[in-house]
Amino acid sequence: MDRTQLLSDQDEVQAVESCPAASYLDQDLADDGASAPPADLMPVVPGYENLGPNVIPPSDFGPAGPPYPQAPSGAPARHFDIPAVNEELAQEAFINYATSKCCYSSKPAKEMIFTDLQSLNTYRYRLETFTESRTTQWASEPYNGQVVDGFNGVAPHPWSIPVPVPALFQDCKKAVRVPNTSTVKGCHSCLTLGRSACRRCVNSGRTRCGACNGTGRIHNGERCRSCQGSGIMRCPACGGVGSLTCKTCKGNGKLLCFIKLKITWKNNVYMAVTDKRSGFPVELLNEIAGEILRTDMAPMVYPVVGFPDSSTNSASENAVREHQAQFSTTCHILQQKQTIELIPITRVHYTWNEKTHIYFVYGVEHKVYTKDYPAKCCCCSIL
């Protein structure tokens, strides 16, 4: 779940695929394997009475998630040295912006007179919560003499089955076979025959000739050579047999059925950006990189305190509490990371041809945004 918040520096916020190569159980149990028989035909496995898509609460079968973190011990206040954009840098960025546009004249950027530079530095807060969730369901594969372990002992509970954790903060999915749950069943798709009726010829082995559309004659009245004038030919789908190898059991007539444990690792993101209400489009901030001022990583991070921007402190407290409430009862919270980025924004006021205009220099790349450049035309030629 990704969530982005837009904060105002004038309003306080109230607190409230690099996957593992294999597990020890199975190399890969993909969803495109044989389908399992209906659930009412399967045995009831203790501890797995309620199979389905709903996630299994970790508190039912495993240790509780990380507790809410304790406040860190007192530390000296950190001072942030945030450089300001001067007139020389602001004008250079403006000139580069003007020359990059095919129908903009660079004269305003070169001849402008500065009247004011306002620093509107913005902070982007981001909380990443890396979670693991588990679900179970019946699955099957064609039976070819594999070991059947359904009577070897008690099936382990879903959260007690160890599965290697992938790289942190990267979405990933994996499926493994639950030990002591496999059993052999007759294939429900073909009724254990290993073959199913051909739908194209309806089990007859013959179908209408496609060359003459079943008439036995082609357009000039001559006998069709494809069907020798009969209008009927051997079914190309089944080769005239009238049946096809069952796709579910691959012709074996039997299935090895087992409970499949599906593990989902997800990086859940909460992001908040301070809105200075300056006229700068906040959506542009998603396209640029900022300067990282602070990074905390732990099984459960503590909300940011003492940061110079009070709305960022409030956003952190809100994010940590919200993720704890949202994920601690349904998932394992494996790791959290929170970062604060500085996005430099400077609003520039200038005059040209006795008129006042505004533009913004933003980001560490010193990009420029303006909606009223004073010398441009509708054609794509340089003025």
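For the structure given in this document, a descriptive report is provided here. Along each chain, the written sequence defines residue order, and numbers are assigned to residues from 1. Given that this is a predicted model, residues contribute local features only at a pLDDT of at least 70 and side-chain atom pairs are listed and counted only at 80 or more, while totals for whole chains, interfaces and linings are drawn from all residues. To obtain the side-chain values, all non-hydrogen atoms of the structure were used and water was disregarded.

So, on to the packing of aromatic side chains. Here a pair means two rings of Phe, Tyr or Trp (six-membered ring of Trp) with centres within 6.5 Å. Their orientation is stacked below 30 degrees between planes, edge-to-face above 60, and tilted elsewhere. Enumeration according to the criterion identifies 14 aromatic pairs in this entry. Arranged with centres 6.3 Å apart and planes meeting at 35 degrees, the rings of F360 and Y369 form a pair that is tilted. The cut-offs for exposure are 20% and 50% of the maximum accessible area for each residue type, with area from a 1.4 Å probe on protein chains only; residues under the lower value are buried, those over the upper are exposed, and the others partly exposed. Residue F360 is classed as buried on the basis of its relative accessible area of 5%. Clustering of aromatic rings is evident, with ring pairs tying together F94, Y97, Y104, Y350, Y359 and Y373. For R177, the ring lying beneath its charged end belongs to F258, and the centroid distance is 4.5 Å. The residue whose ring lies beneath K337 is F169, and the NZ or CZ to ring-centre distance is 4.8 Å. Definition used: whenever NZ (Lys) or CZ (Arg) falls within 6 Å of the ring centre and also within 35 degrees of the ring normal, the charge is taken to sit over that ring.

The residue F169 is not glycine, and still its phi comes out positive at about 65 degrees. With respect to the helices and strands, the residue F169 is situated in the loop between β3 (122-142) and β4 (172-177). In this text, helices come from DSSP runs of H or I with a minimum length of four residues, and strands from runs of E with a minimum of two, each type numbered from the N-terminal end.

Grouped together as the largest cluster of nonpolar side chains are 23 residues, with contacts concentrated most on Y48, W138 and V178. Sorting the residues of this core by element identifies β3, β4 and β10 (254-275) as the ones contributing at least two each. For this core, the leading source of residues is β10, giving six residues. Residue contacts are counted whenever heavy atoms from the two residues lie within 4.5 Å of one another. Once residues within four sequence positions are removed from consideration, W138 is found in contact with A36, M42, P43, V45, L51, T181, C257, F258 and I259. Among buried residues, those of type Ala, Val, Leu, Ile, Met, Phe, Trp, Tyr and Cys that are joined through side-chain atoms within 4.5 Å constitute a nonpolar core. Formed by 19 residues, the second largest nonpolar core is a distinct cluster that contains A93, Y104, Y359 and A375.

In this section: helix α2 (residues 87-99). Expected helix span is taken as 1.5 Å per residue step, with the number of steps being one fewer than the number of residues. Over its 13 residues, α2 extends 18 Å from the first C-alpha to the last, a length consistent with the 18 Å expected when each residue adds 1.5 Å. Those residues of α2 lying buried are A90, A93, F94, Y97 and A98. Taken around the axis of α2, the buried residues stretch over an arc of 135 degrees, which confines them to a single face. Opposite the buried face of α2, by more than 90 degrees, sit the exposed residues E88 and T99. The arc in question is formed by the directions pointing from the helix axis toward the C-beta atoms.

So, about the environment of T115. Mapped onto the secondary structure, T115 falls in strand β2 (residues 113-119). Residues T115 and T356 lie 241 residues apart in sequence; the distance between their C-alpha atoms is 8.7 Å. Here T115 is in contact with H349, Y350 and T351, once residues within four sequence places are set aside.

Attention shifts here to the pairing of β10. Each regular strand shows side chains that alternate between the opposite faces of the sheet. In terms of burial, β10 is a largely internal element, 18 of the 22 residues being buried. Sheet topology note: the β3/β10 ladder contains 19 bridges and is antiparallel. Paired with T129 across the bridge in β10 is N268. By the convention used here, strands pair only if DSSP detects at least 2 bridges between them.

Moving on to the state of the cysteines. We call a pair of cysteine sulfur atoms a disulfide whenever their separation is within 2.5 Å. A full pass over the atoms with the stated rule returns zero disulfides. Its sulfur unpaired, C190 is 3.7 Å from the next cysteine sulfur, which belongs to C187. Cysteine C238 is unpaired, with the sulfur of C201 as its nearest cysteine sulfur at 3.7 Å. A relative accessible area of 10% means that C238 is categorised as buried.

Within the secondary structure layout, T129 lies in strand β3. Residue T129 is classed as buried on the basis of its relative accessible area, which comes to 0%. Separated by 205 residues in sequence, T129 and L334 have C-alpha atoms that sit 7.7 Å apart. In this structure, T129 is in contact with K266, N267, N268, H323, F327, I333, Q335 and Q336, ignoring residues within four places of it in sequence. Side-chain atoms alone can form a polar contact between residues adjacent in sequence; in general such a contact is a pair of N or O atoms within 3.5 Å, and within protein one must be able to donate a hydrogen while the other accepts it. Side chain to side chain, T129 and Q336 meet in a polar contact 2.9 Å long.

This paragraph deals with helix α4 (residues 310-327). Helix length check: α4, at 18 residues, gives a terminal C-alpha distance of 26 Å against a target of 26 Å (1.5 Å per residue), a fit within 8%. Burial runs high along α4: 13 of the 18 residues are buried.

Inspection of the secondary structure puts T346 in strand β13 (residues 345-352). Residues within four places of T346 in sequence aside, it is in contact with V85, L117, Q118, Y359, F360 and V361.

Limitation: the analysis is restricted to geometry and does not speak to function.
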